[in-house]
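Chain by chain, the residues run as shown.
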Amino acid sequence: MTRLFAALAIMISAMAAQAEEVTTYTLDNGMEVVVIEDNRAPVVVHMLWYKVGSADEPAGTSGIAHFLEHLMFKGTDVLASGEFSSIVAANGGSDNAFTSYDYTAYFQRVAADRLELMMQMEASRMNNLAITPEEVRTERGVILEERNQRTENDANALAQEQFRAALYQNHRYGVPIIGWKHEMEQLDLQDALDFYDLYYAPNNAILVVAGDVKPEEVLALAEQYYGVIPAEDQLPLRERPQEPPQRAERRMTYVDARVSQPYVVRSYLAPERDPGAQTEAAALVYLAELLGGSPFTSALGQALQFDSQTAIYTNASYSGQWLDDGTFSFSLVPAEGVSLSEAEAAMDDVISTFMESEIDPARMDSIRTQLRASEIYALDNTQRLAQRYGAALSQSLTVEDVQVWPDVLQAVTAEDVKAVAAKVFDRKHSVTGWVVSNEEEAR
Amino acid sequence: MRRFLIAICLTVLATTARAEIDIQEVTSPGGINAWVVEEPAIPFIALELRFRGGASLDLPGKRGATNLMTALLEEGSGDMSAQEFQSTLEDLAASISFRASDDSISISARFLTENKEDVLALLRQALLEPRFDQEALDRVRAQVLSGIASDAKSPNAISSAVFNAAAYGDHPYGSAIDGTAETVNALTRQDMIDAHQNALAQGRIYASVVGDTTADAVSGLLDDLLGDLPQEGPPLPDDITYDLEGGVTVVDFDTPQSVALFGHRGMKREDEDFFAAVIVNRVLGAGGFESRLMTEVREKRGLTYGIRSYLVPRFHAEVMLGSVASSNETIAEAIEVTRNEWARMADEGMTAEELDAAKTYMTGEYPLRFDGNAEIAKILVGMQMIGLTPDYVINRNDLVEAVTLDDVNRVASELLQPENLHFVVVGQPVGLESTP
């Protein structure tokens, strides 16, 4: 063991700051451009991020952001339905898209010399989508089957959806990204076009290009294809309904015969990463690791899976990269013969003990080291680096916020962790959910 | 002392992208082979090991032993408890994962260059001196049992279990590697020791190392890491002929969307028509949005979020499978369209345009797979396990290009047998019943 500690000391000093090469521009029409150079392979990832997600949807049309994402693969004024993906595939590339609460992003991964074609096509569908009522009808069937597959067929996903709806009392983070089923069934062509016309515009978009490219060449192409698209002057300020003061703890039981074993989850509202103010978020990253990161070394894992056989699974997690309030969550699957109320009490004991005790400096050092190393490992995946910038910039963070984040993480102290824990662990801001297969298990 | 080093400089030339990857084949003084790619740009290393055999080596009545044993390799070894082992790894910011599957055990390690020796020492200790403490055995057993219980209520897991049992019976392919609650509850520490002795044999190792190291350095570390493992393992299971008849098996499960898994016999990886079969499969059902099944079932009719077909050439059997999920009310229609598309491709084949599009995609996409040290390391051991040589990465696209329209259409008519498709449907499908 001592041999390893010696090695550790060397490692920390030798982990020199190594970072991705990033260049940024802003086009005259307001579009932001981020270029990440990585010349290890002749490949490029072209991503276009719109600063609009499901939490920006008009009330009553939940799922429209995601539905529009699907419809974007139908035709434009120059491309037939499905032709976009066919052309990407015919160039040996792959493409897809994803929708979150805060953003909708489209991407292609392709040989670097095909970048121009990707840009030409992506720019064309920013303004010239041409969809028919028949395509809308068929694709609505697809998203309803997607909801079936992701949510209706999955008891855990249904439970999560209920708990989240209770955690957010006013913010649309409580509405599922894919949409409520009854509202999805009513989504029509006009809903999609209204959303598209308002939000899909260069002054609401971020272009991220990562891979074997030269920044100035990317800029020239971006000006040629995206730079000619006019800005949307009706683009609304992004001010979404916020949470009121939360004054009552919420408790729920979700019963579904498809649950294989009972478990308990608790989620608290938690501060998110904000521009120029990321310290609390960074401390919450440590808090999640300390309480429920690795089952072997975290407080919950050690107490409930090793010192006592109370649980077969424990976890704490922090989800903090959002435009508005994030979450801090616990989950615990009790061991055979342990009831949910016993398991929840044991979990609360661990949290109380943690709050009353000193944080072991060695654990802080270990987490700090892992976070620093994770920055080195991250360099191996260009697409993930591109996502890091695209997501952050669509959530109001700046390039500088992204780049100082590793340093902010390194600077976190045990006092920071304790302070943010005391702030977040207020049961009035929480939902505790039990997930069971029958009422008997909830006693 | 036997030592040789072949350095093959490989340049993948594809239609749309060039990936340069220099695979060096090394053999240690003790005779252990590895493939190495030197990539000094980022100061870390990915190591990938595979042992042929895996859960197929479970002894009679001990289903689940290899899986549980493999999970216990990270749960204490040498003089370290599970927690000591893991906290040491965490302090080194390294990860080592151990995973059993039907025909192999996979070990993936990732570590910073400067921690190489310490991490490899930990890996060696886990492989050679696992403790199998009763406390760890019971704790991990409870986790495995939890997974088994969860699978029993998962439509996807149920469909696989029912299909495999019907197709392979008592062969190891016929049951899940986790075992059953009954077999797992009965496993003892001695079963772990036996499984360990059987599963990690030197003669069955495939290894690759990609990252900030050199071929010489890898050659020098293999014997220390792996040289004390048993030389040989027990015999591998026999091959089994897939002969499940066409038809439908409905498994009643109260859920709104039915999940269907379907298939018939497939093609061996070493068959000279294999690339023609890959192209047939790509155009029929593996082509993302471009495949005929996606076009007909999803794009035109909106019956599903996803449908795909895939070739599964395993070591002891080969099948062609597909899967689709659709509401209980519409799954029958989705299956009917699937059968029709299967028949249309078998009867009429594909067009020259479809063949060209498939080739362009496959040759263009291939170099993009070599994306990151761990990804490359996984590809390299996968190649070794099926008997490919390093120059395959150069020749592979030529093999794709060489396939003709006559080839694919002949293979389509032989490979695809719509009447022999067996569908296992989990849910409450309307208008579908099990065939006798």
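All values reported here derive from a predicted model rather than from experimental measurement. (Residues numbered from 1 in each chain as written. Chains lettered and ligands numbered in written order. Predicted model: local features only at pLDDT ≥ 70, side-chain atom pairs only at ≥ 80, totals over all residues.)

Topic: the overall build of chain A
The number of helices and strands found in chain A is 16 helices and eleven strands. The C-alpha atoms of chain A give 24 Å as radius of gyration, which agrees with the globular expectation for 443 residues (22 Å, within 12%). By its C-alpha atoms, chain A is 65 × 55 × 40 Å across when sized along the principal axes. If you take every contact in chain A between residues at least 6 apart in sequence, the share linking residues at least 24 apart comes to 80%. (Helix = DSSP H or I, 4+ residues; strand = E, 2+ residues; numbered from the N terminus. Rg over C-alpha atoms; globule rule 2.2 N^0.38 Å. Contact = placed C-beta atoms within 7 Å.)

A word on helix H8 (residues 189–199) of chain A
All names here are of chain A. Where H8 is concerned, the buried positions are Asp 191, Ala 192, Phe 195, Tyr 196 and Tyr 199. One side of H8 holds all its buried residues, which, seen down the axis, span an arc of 125°. As for H8, its buried residues are in contact with strand E3 (43–50), helix H2 (64–71) and helix H5 (133–152). (Buried ≥ 20, exposed ≤ 12 C-beta atoms within 10 Å, placed from the backbone. Arc of directions from axis to C-beta.)

Thoughts on the UniProt feature "domain: Peptidase M16 N-terminal" (unreviewed entry) in chain A
UniProt's feature table lists "domain: Peptidase M16 N-terminal" (unreviewed entry) at residues 34–179 of chain A, given in the numbering used throughout. Helix makes up 42% of residues 34–179 of chain A and strand makes up 18%, while its end C-alpha atoms are separated by 31 Å. (UniProt positions renumbered as here; feature names shortened; annotations may be inferred.)

A short note on the nonpolar core
Formed by 260 residues in total, the largest nonpolar core has its most connected members in A:Leu287 and B:Val280. No other element matches the ten residues that helix H10 (residues 279–292) of chain A contributes to this core. If sequence neighbours within four positions are ignored, A:Leu287 has contacts with A:Tyr318, A:Val417, A:Val420 and A:Ala421. (Core = buried A, V, L, I, M, F, W, Y, C linked by C-beta atoms within 7 Å.)

A short note on the sheet that holds strand E5 (residues 104–111) of chain A
All names here are of chain A. Read from one edge of the open sheet, six strands run E1-E2-E6-E3-E5-E4, paired in mixed fashion. Only two strands of the sheet have a single partner each, and these edge strands are strand E1 (21–26) and strand E4 (94–99). Between one strand axis and the next, the sheet turns by 15° as a mean value, whatever way the strands run. Running at roughly 15° to E3, helix H4 (residues 115–127) makes contact with E3, E5 and strand E6 (205–211) of the sheet. On the sheet, helix H14 (residues 382–394) packs against strand E2 (32–37), E3, E5 and E6 and is oriented at approximately 165° with respect to E6. (Pairing = 2+ DSSP bridges. Axes fitted to C-alpha atoms, helices over the stretch in contact; angles between N-to-C directions.)

Considerations on the sheet that holds strand E9 (residues 311–319) of chain A
Neighbouring strands of a sheet are bound in pairs by backbone hydrogen bonds; such pairs are parallel or else antiparallel. Residues and elements named next belong to chain A. One open sheet holds the five strands; their spatial order is E7-E11-E8-E10-E9, and the pairing between them is mixed. In this open sheet, the two strands that pair with only one neighbour each are strand E7 (250–255) and E9. On average, each strand axis in the sheet is tilted by 15° relative to the strand beside it, whichever way the strands run. Direction of pairing for strand E8 (residues 263–270) relative to strand E11 (residues 430–436): antiparallel, over a ladder of six bridges. Within E11, the position partnered with Val 264 by the bridge is Trp 434.

Considerations on the domain arrangement of chain A
All names here are of chain A. One can read the domain layout of chain A as domain 1 (18–225) and domain 2 (250–442). Computed over C-alpha atoms only, the centres of domain 1 and domain 2 are separated by 29 Å. The interface of domain 1 with domain 2 comprises 31 residues on the first partner and 30 residues on the second. Those elements giving two or more residues to the side of domain 1 that touches domain 2 turn out to be E1, E2, E3, E5, helix H6 (155–167) and E6. Take the side of domain 1 that touches domain 2: its biggest share by element is eight residues, from H6. Looking at the side of domain 1 that touches domain 2 residue by residue, the class counts come to 19 nonpolar, six polar and six charged. (Domains from an automatic or database assignment. Nonpolar A, V, L, I, M, F, W, Y, C, P; charged D, E, K, R; others polar.)

What about the interface of chain A and chain B?
Counting from both sides, the interface comprises 55 residues of chain A and, opposite them, 62 residues of chain B. Looking at the side of chain A that touches chain B, the elements that each hand over two or more residues are helix H1 (2–14), helix H3 (83–90), E5, H5, helix H11 (299–307) and helix H13 (361–378) of chain A. The greatest single-element share of the side of chain A that touches chain B, amounting to ten residues, is contributed by H5(A). Residues of the side of chain A that touches chain B, tallied by class, amount to 23 nonpolar, 21 polar and eleven charged.

Considering the domain arrangement of chain B
All names here are of chain B. Each domain of chain B was delimited in the assignment, giving domain 1 (4–226) and domain 2 (247–427). One C-alpha centre belongs to domain 1, the other to domain 2, and the line joining them spans 28 Å. Contact with domain 1, which involves 42 residues of that partner, is made by 34 residues of domain 2. Listed by contribution, the elements that provide at least two residues to the side of domain 1 that touches domain 2 are strand E2 (11–13), strand E3 (18–20), strand E4 (23–27), strand E5 (33–38), strand E6 (44–52), strand E10 (104–112), helix H5 (155–168) and strand E11 (205–211). Element by element, the count of residues in the side of domain 1 that touches domain 2 is highest for H5, at nine residues. Of the residues belonging to the side of domain 1 that touches domain 2, the class tally is 23 nonpolar, ten polar and nine charged.

A closer look at unusual backbone geometry
Outside of glycine, negative phi angles account for most residues, and trans bonds account for most peptide bonds. Positioned with a positive phi, A:Ser396 is a non-glycine residue whose angle comes to about 80°. Counting through the fold element by element, A:Ser396 comes out in the loop between H14 and helix H15 (399–410). Using a count of 17 C-beta atoms within 10 Å as the deciding quantity, one classes A:Ser396 as partly exposed. With a phi angle near 50°, B:Phe132 is a residue other than glycine that sits in the positive phi range. Mapped onto the fold, B:Phe132 is located in the loop between helix H3 (116–128) and helix H4 (134–151).

Brief notes about the pairing of E8(A)
Residue and element names in this part refer to chain A. Counting buried positions over the eight residues of E8 gives eight, a clear majority of the element. Here E8 shows no split at all, with Tyr 263, Val 265, Ser 267 and Leu 269 on one side and Val 264, Arg 266, Tyr 268 and Ala 270 on the other all buried. Of the pairings in the sheet, the one linking E8 to strand E10 (residues 326–334) comprises seven bridges and is antiparallel in character. What sits directly across from Tyr 268, in E10, is Phe 328.

What to know about the environment of B:Val283
Residues and elements named next belong to chain B. As for its placement among the helices and strands, Val 283 is situated in helix H9 (residues 274–286). Its 23 C-beta neighbours within 10 Å are what place Val 283 among the buried residues. Between the alpha carbons of Val 283 and Pro 230 there is a distance of 45 Å; along the sequence they are 53 residues apart.

As for the packing of H10(A) against helix H16 (residues 414–424) of chain A
All names here are of chain A. Where H10 meets H16, the axes come as close as 8 Å, and the angle between the chain directions of the two elements is 90°. Taken together, the axis directions place H10 and H16 in an arrangement best described as roughly perpendicular. Contacts between H10 and H16 involve Thr 279, Glu 280, Ala 283, Leu 284, Tyr 286, Leu 287 and Leu 290 on the former and, on the latter, Asp 416, Val 417, Val 420 and Ala 421. Classifying every residue of the contact of H10 with H16 gives eight nonpolar, one polar and two charged. (Parallel < 35°, antiparallel > 145°, perpendicular 65-115°, else oblique.)

Here's the deal with the pairing of E11(B)
Residues and elements named next belong to chain B. Most of E11 sits out of view: seven of its seven residues are buried. Going residue by residue along E11, you find Ile 205, Ala 207, Val 209 and Gly 211 tucked away on one face and Tyr 206, Ser 208 and Val 210 tucked away on the opposite face as well. The pairing of E5 with E11 spans four bridges and is parallel. The residue bridging Glu 38 from the neighbouring strand is Gly 211, located in E11. Note: E6 against E11, seven bridges, orientation antiparallel. By the bridge assignment, Leu 49 is partnered in E11 with Ala 207.

Let's talk about the confidence of the model for chain B
Residue and element names in this part refer to chain B. Residues with a pLDDT of 70 or more make up 95% of chain B, whose mean pLDDT is 94. Below pLDDT 50 for its whole length, residues 1–18 participates in 59 contacts with residues either more than four positions away or in separate chains. Prediction confidence for the complex, expressed as pTM and ipTM, is 0.93 and 0.92 respectively. (pLDDT = per-residue confidence, 0-100.)

A look at the environment of B:Ser106
All names here are of chain B. With respect to the secondary-structure elements, Ser 106 resides in strand E10. What makes Ser 106 partly exposed here is the crowd of 19 C-beta atoms within 10 Å. Distance in space between the C-alpha atoms of Ser 106 and Lys 378 is 9.4 Å, their sequence separation being 272 residues. Dropping the residues within four chain positions of it, Ser 106 is found in contact with Arg 50, Arg 99 and Ser 101.

Comments concerning H15(A)
Residues and elements named next belong to chain A. Those residues of H15 that sit buried are Val 402, Trp 405 and Leu 409. Projected down its long axis, H15 shows its buried positions confined to an angular sector of 30°, all on one face. Pointing more than 90 degrees away from the buried face of H15 are the exposed residues Glu 400 and Asp 407. Here the buried face of H15 lies against H10, H13 and H14.

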